Amino acid sequence: MNLKKLSDIVGLSQTTVSRALNGYPEVSEATRERVRKAAEKYNYAPNNRARSLATGRTHAVGHVIPVSTEHEVVNPVFTDFIAGASEIYARENYDMHLKIVPDAQEEQTYRDIALKGAVDAVIVHGPKDNDKRIELLRSIGMPFVVHGRSGGKGEDDYSWVDMNNARAFERATDFLLDLGHRRIGLLNGLESMDFALRRRLGYTASLTARGIPEDPTICYSAEMTEEFGYNATSVMLQSDEPPTAFLASSIIIGIGVRRACEEANLKLGRDVSLVIHDDDLSYLRNGTSEPIYTATRSSVRLAGRICADMLMRRIANPSAPPEHRLLDAELIIGHTHGPAPKP
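Here the structure is a predicted model, which is why all the values come from computation and not from measurement.

Q: Can you explain the environment of L12? Please cite residues and give values.
A: Topologically, L12 is positioned in the loop between α1 (3–10) and α2 (14–21). Residue L12 is classed as partly exposed on the basis of its relative accessible area of 23%. For L12, the residues in contact, after removing those within four places along its chain, are S7, V17, T31, R34 and V35.

Following this line, the structure appears as structure tokens:
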């Protein structure tokens, strides 16, 4: 099956069929759907090389991931994000180019792929506060979508998909305060990262609203690993006035918190409370029939699909106004919370 034969079958010109399969806006939705169904029925797949010559596009999306000495992006959260984004890439017949580079080469890598025309657009991962990559991509004319946001001025000037991190952690802290907890240990991601900074702000806002001063000795920030959760919790539990509850930025940290509590002969939900953030990971589920951990939940796989879908629109129409999508987290009731222990 080739383009000419498919065009004869649907009774349309080759140009119209090609435009329908490539998502051009001047082709009606009804025509696009008719062509798509015929392509599926007769097992037609566009030749990407020929398609690139015809459209001037590579039909590839780039993900540039730094091998950071500070923040490891390639982790279970990234894997689930890519799984979600890949659903859209497959639908649109796009390839994904993944480049793992040293931190110092990240800027030049973006410049190189733009110069070579290797991809049509990129998704930016792990934005920091006032992330320099955003201005770089603007300056080289590369369409992009950011998974997350970069604090400071100008966040309305580029497309992004983010979870409402500040509201999620404000709500989680409120939940623990309502249970009578006054010393709530925070185990956060690296606060040079925008998401973690916003989570800290939500935690602080909740305490401030109740007139409770924030205690920096029970606020920890590091790479989100099980070991970090275990070590930080162990230190806090050995203090003269240990927290009665913990708020953790990931289920991975939460597993470390659980290990430290078990070693201290403390039962979660009875002796100490724990609320985590749950990215609804495919291979690290927070329970199956019912949640294990009380959590704020927002699917990173869904965020991947939304980011990729948004990126397809930016490729089709680079001059369109920026799009923004702020996702709310759901509070999930599990078995790791309870009233603050009585003195």
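Q: Requested: an account of the sheet that holds strand β10 (residues 294–297), with residues and values cited.
A: The strand order β7-β6-β8-β9-β10-β12 describes an open sheet built from six strands, whose pairing is mixed. Looking at the sheet topology across the chains shown, the edges are occupied by β7 (219–221) and β12 (330–332). Each strand of the sheet is rotated relative to its neighbour by a mean of 15 degrees, with strand direction disregarded. Contacts between helix α8 (residues 165–178) and the sheet are confined to β6 (184–188), β8 (245–248), β9 (273–278), β10 and β12, with β8 contributing the most and set at about 170 degrees to the helix.

Q: Explain helix α9 (residues 194–209) to me, using residue names and the numbers behind them.
A: The terminal C-alpha atoms of α9 lie 23 Å apart, and with 16 residues this matches the ideal 22 Å at 1.5 Å per residue to within 8%. Taken as a whole, α9 has its buried residues at D194, F195, A196, R198, R199, R200, G202, Y203, S206 and L207. Structurally, α9 contributes buried residues whose contacts are with β5 (160–163), α8, β6, β7, β8 and β9. At the C-terminal side of α9, G211 shows a positive phi close to 75 degrees.

Q: I'd love a proper account of the sheet that holds strand β2 (residues 95–102), names of residues and values included.
A: Taking strand neighbours across the sheet as the criterion, the six strands line up as β2-β1-β3-β4-β5-β11 in an open arrangement whose pairing is parallel. Of all strands in the sheet, those bounded by a partner on one side alone are β2 and β11 (324–327). Strand-to-strand twist in this sheet, taken as the mean axis angle between neighbours without regard to direction, amounts to 20 degrees. Of the pairings in the sheet, the one linking strand β3 (residues 121–124) to strand β4 (residues 144–147) comprises three bridges and is parallel in character. Within β4, the position partnered with V124 by the bridge is V146. Those strands touched by helix α7 (residues 132–140) are β3 and β4, and its axis lies near 170 degrees from that of β4.

Q: Which residues make up the packing of aromatic side chains, and what values go with them?
A: In the structure shown here, the tally under the stated rule is one aromatic pair. When the ring centre of W160 is taken as origin, the NZ or CZ atom of R149, which lies over that ring, is 4.7 Å away.

Q: For the pairing of β8, give the residues involved together with the corresponding values.
A: Each regular strand shows side chains that alternate between the opposite faces of the sheet. Neither face of β8 is exposed, since A245 and L247 on one face and F246 and A248 on the opposite face are all buried. With four bridges joining them, β8 and β9 adopt parallel strand pairing. Residue pairing for β9: A245 is matched across the bridge by S273. Handedness of the crossover joining β8 and β9 through helix α11 (residues 251–263) is recorded here as right-handed.

Q: Mind laying out the pattern of salt bridges, listing which residues take part and the relevant values?
A: Per the stated rule, a full pass over the model turns up 28 salt bridges. Between E87 and R305 there is a salt bridge, and its shortest N-O distance comes to 3.4 Å. Of this pair, E87 sits in helix α5 (residues 76–91) while R305 sits in helix α12 (residues 300–316); the two residues are 218 residues apart in sequence, bridging distant segments of the chain. Taking the shortest distance from any N to any O, the salt bridge between D309 and R91 comes out at 2.7 Å. Of this pair, D309 sits in helix α12 while R91 sits in helix α5; the two residues are 218 residues apart in sequence, bridging distant segments of the chain. Each member of the salt-bridge network shares a partner with another, and the members are R91, E92, D309, R313 and E323.

Q: Break down the pairing of β4 for me, with residues and values.
A: The handedness of the β3 to β4 crossover, carried by α7, is right-handed. By the bridge criterion, two bridges tie β4 to β5 in an arrangement that is parallel. From the neighbouring strand, H147 faces β5, where its bridge partner is V161.

Q: So what about the side chain of D80? Which residues, and what values?
A: Following the sequence through the fold, D80 ends up in helix α5. No salt bridge forms around the buried D80; measuring N to O, its nearest opposite-charge neighbour R301 is 4.8 Å away. With residues near it in sequence (within four places) discarded, D80 still touches D280, L281, S282, V300 and R301.

Q: Lay out α5 with the relevant residues and their values.
A: Taking 1.5 Å of rise per residue, the 16 residues of α5 would be expected to cover 22 Å, and the 23 Å separating its terminal C-alpha atoms lies within 8% of that figure. Burial in α5 covers these residues: F78, D80, F81, I82, G84, A85, I88 and Y89. Looking at the buried residues of α5, the elements they touch are β1 (60–67), β2, β3, β4 and α12. Positive backbone phi, approximately 60 degrees, marks N93, located one or two places after α5.

Q: Talk me through the packing of α2 against helix α3 (residues 29–41); I want residue IDs and the actual numbers.
A: When two helices pack together, their arrangement is captured by the angle between the axes and the distance separating the axes. Orientation of α2 relative to α3, taken along the N-to-C sense of each, is 90 degrees, at an axis distance of 9 Å. When the axis of α2 is compared with that of α3, the two are roughly perpendicular. Between α2, through T16, V17, A20 and L21, and α3, the contact on the second element is made entirely by T31, R32, V35, R36 and A39. Here the residues of the contact of α2 with α3 are counted per class, giving five nonpolar, two polar and two charged.

Q: Go over the nonpolar core, please, and point to the residues and values.
A: Counting residues in each nonpolar core, the largest one holds 44 residues, and the members touching the most others are Y89, L187, F246 and L274. At the level of secondary structure, the elements contributing two or more residues to this core comprise β1, α5, β3, α10 (226–237), β8, α11, β9 and α12. Looking at this core, the element that brings in the most residues is α12, giving nine residues. L274 has contacts with F246, A248, G254, V257, L268, Y293, T294 and T336, leaving out every residue within four places of it along the chain. Counting residues in each nonpolar core, the second largest holds 18 residues, with F175, L176, I184 and L331 among its members.

Rules behind the numbers
Residues numbered from 1 in each chain as written. Predicted model: local features only at pLDDT ≥ 70, side-chain atom pairs only at ≥ 80, totals over all residues. Heavy atoms only, no water. Helix = DSSP H or I, 4+ residues; strand = E, 2+ residues; numbered from the N terminus. Buried < 20%, exposed > 50% of the residue type's maximum accessible area, 1.4 Å probe, protein only. Contact = heavy atoms within 4.5 Å. Pairing = 2+ DSSP bridges. Axes fitted to C-alpha atoms, helices over the stretch in contact; angles between N-to-C directions. Expected span 1.5 Å × (residues − 1). Phe/Tyr/Trp six-rings, centres within 6.5 Å; stacked < 30°, edge-to-face > 60°. Lys NZ or Arg CZ within 6 Å of the ring centre and 35° of its normal. Right-handed = clockwise from strand over helix to strand, strands pointing away. Salt bridge = Lys/Arg side-chain N within 4 Å of Asp/Glu carboxyl O. Lys, Arg positive; Asp, Glu negative; His and termini not counted. Parallel < 35°, antiparallel > 145°, perpendicular 65-115°, else oblique. Nonpolar A, V, L, I, M, F, W, Y, C, P; charged D, E, K, R; others polar. Core = buried A, V, L, I, M, F, W, Y, C linked by side-chain atoms within 4.5 Å.

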